[in-house]
Amino acid sequence: QTYQALFGIMRKAVARWCEEGILIKFSGQKEVDAFIENCWIVSNFSSVFLESKTEASPAACRDAGTDLILRFLYPYHTARGQRALDLYLSDLTG
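Here we summarise the structure given alongside this text. The structure presented is a predicted model; accordingly, all values stated were derived computationally and were not measured. (Residues numbered from 1 in each chain as written. Predicted model: local features only at pLDDT ≥ 70, side-chain atom pairs only at ≥ 80, totals over all residues. Heavy atoms only, no water.)

## Re the nonpolar core
Ranked by size, the top nonpolar core spans ten residues in total: F7, V14, C18, L23, F26, V32, F35, I36, C39 and L73. For this core, the elements supplying multiple residues, two or more each, are helix 1 (2–19) and helix 2 (29–53). Broken down by element, the residue count for this core peaks at four residues, all from helix 2. Once residues lying within four places of it in the same chain are set aside, the contact partners of L73 are F35 and C39. (Core = buried A, V, L, I, M, F, W, Y, C linked by side-chain atoms within 4.5 Å. Buried < 20%, exposed > 50% of the residue type's maximum accessible area, 1.4 Å probe, protein only. Helix = DSSP H or I, 4+ residues; strand = E, 2+ residues; numbered from the N terminus. Contact = heavy atoms within 4.5 Å.)

Have a look at this one:
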């Protein structure tokens, strides 16, 4: 039930971001659902993956995971959304 509830919230969020011109328009619900599931997989398992391949600190792995997720999301953003991500990434790197 929790998964279905969260998935429904993410569907609404993706629809809103598409309406606002932040995300690209998807060709159908199947593509939206695949996008959401891939985001979930990358965000949930990137830290485990990064920790298994390096001896970096947990904080460094977290930062690398955040960077990995944002770069995964980048091509799904419109030019407007990419500018917002660029600003966010520049704030992270200081």
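Picking up after the structure, the text goes on.
## Some details on the pattern of salt bridges
Going through the model one piece at a time under the given rule, you end up with three salt bridges. Residue D33 pairs with R11 through a salt bridge whose shortest N-O separation is 2.6 Å. Taken as a pair, D33 in helix 2 and R11 in helix 1 lie far apart in primary sequence, 22 residues in all. With its nearest N and O atoms 2.9 Å apart, the salt bridge here joins D67 to R71. With a gap of four residues between them, D67 and R71 both fall in helix 3 (residues 58–73), about one helical turn apart. Using a relative accessible area of 52% as the deciding quantity, one classes R71 as exposed. (Salt bridge = Lys/Arg side-chain N within 4 Å of Asp/Glu carboxyl O.)

## Here we look at the packing of helix 1 against helix 2
Where helix 1 contacts helix 2, the two axes come as close as 10 Å, and the packing angle between them is 115 degrees. Once helix 1 is placed against helix 2, the crossing between them reads as right-handed. Residue-level contacts link Y3, L6, F7, M10, R11 and V14 of helix 1 to Q29, V32, D33, F35, I36, E37 and W40 of helix 2. By residue class, the composition of the contact of helix 1 with helix 2 is nine nonpolar, one polar and three charged. (Axes fitted to C-alpha atoms, helices over the stretch in contact; angles between N-to-C directions. Left-handed = near helix turned anticlockwise from the far one by under 90°. Nonpolar A, V, L, I, M, F, W, Y, C, P; charged D, E, K, R; others polar.)

## Some thoughts on the environment of N44
Along the chain, the position of N44 falls in helix 2. For N44, a relative accessible area of 42% corresponds to the partly exposed category. Taking the C-alpha atoms as reference points, N44 and I69, separated by 25 residues in sequence, lie 10.0 Å from one another.

## Description of the layout of surface pockets
Approximately 310 Å³ is the volume attributed to the largest pocket. If you go around the largest pocket, you meet 16 residues; those closest to its centre are M10, W17, F35, C39 and L73. Taken together, the elements giving at least two residues each to the lining of the largest pocket come down to helix 1, helix 2, helix 3 and helix 4 (79–93). (1 Å grid on protein atoms, 1.4 Å probe; cavity = no way out; pocket = protein on both sides within 12 Å on 5 of 7 lines; lining within 4 Å. Points joined across faces, edges and corners; volume = space filled by probe spheres on them.)

## Digging into the packing of aromatic side chains
For any pair of aromatic rings, the description consists of the separation of the ring centres together with the inter-plane angle of the planes. In the structure shown here, the tally under the stated rule is seven aromatic pairs. Taking the centre distance of 5.1 Å and the plane angle of 15 degrees together, the rings of Y3 and W40 count as stacked. Of the two residues, Y3 is situated in helix 1 and W40 in helix 2; the sequence distance between them amounts to 37 residues. Taking the centre distance of 6.0 Å and the plane angle of 20 degrees together, the rings of F7 and W40 count as stacked. Of this pair, F7 sits in helix 1 while W40 is found in helix 2, placing the two residues 33 residues apart along the sequence. (Phe/Tyr/Trp six-rings, centres within 6.5 Å; stacked < 30°, edge-to-face > 60°.)

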